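So you can see what is in the structure, the chains are spelled out below.
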Amino acid sequence: MSEQNIDNHLREALTHLELALNQSVRCVLENDSAKKEIGLKWERFLGEFMGQIREKGKKSRLNLLGWISFPRIR
């Protein structure tokens, strides 16, 4: 896989996340009682994503989170 493919996948993922975030905000603004359910959806998503990072890291024996400089993230 080339670095350009990685860039394309990350751009596409970011687009999908932005759409999901926008829809989440709209949904909660329209119905405040949906906040808990929407929050659970995001918790499950982020938990699954972090779990994948941990699992891939173990299998490949790489510290995937070590590639990221968290102080540079704003």
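Scroll up to find the structure this text is about.
An account of the accompanying structure is given in this report. A quick note: this is a predicted structure, and the numbers were derived from the prediction, not measured.

Here we take up the overall build of the protein chain. The number of helices and strands found in the protein chain is two helices and zero strands. Here the protein chain has a C-alpha radius of gyration of 16 Å; the compact-globule value for 74 residues is 11 Å, and the former is much larger. When its C-alpha atoms are laid out on the principal axes, the protein chain stretches across 45 × 25 × 25 Å. Burial analysis of the protein chain (74 residues in total) assigns 9% to the buried set. Accessible area of the protein chain: about 7000 Å², with a carbon and sulfur share of 57%. Mean positive and mean negative side-chain charge positions of the protein chain (13 and 10 charges, respectively) differ by 7 Å.

Roughly 230 Å³ of internal volume is contained in the second largest pocket. Forming the boundary of the second largest pocket are Leu46, Phe49, Met50, Ile53, Leu64, Leu65, Trp67, Ile68, Phe70 and Ile73. Residue classes in the lining of the second largest pocket are distributed as 10 nonpolar, no polar and no charged.

Here is what the cut-offs are and how they apply
- Residues numbered from 1 in each chain as written.
- Predicted model: local features only at pLDDT ≥ 70, side-chain atom pairs only at ≥ 80, totals over all residues.
- Heavy atoms only, no water.
- Helix = DSSP H or I, 4+ residues; strand = E, 2+ residues; numbered from the N terminus.
- Rg over C-alpha atoms; globule rule 2.2 N^0.38 Å.
- Buried < 20%, exposed > 50% of the residue type's maximum accessible area, 1.4 Å probe, protein only.
- Areas by Shrake-Rupley, 256 points an atom, 1.4 Å probe, with all protein chains shown as cover.
- Lys, Arg positive; Asp, Glu negative; His and termini not counted.
- Charge placed at Lys NZ, Arg CZ, Asp CG, Glu CD.
- 1 Å grid on protein atoms, 1.4 Å probe; cavity = no way out; pocket = protein on both sides within 12 Å on 5 of 7 lines; lining within 4 Å.
- Points joined across faces, edges and corners; volume = space filled by probe spheres on them.
- Nonpolar A, V, L, I, M, F, W, Y, C, P; charged D, E, K, R; others polar.

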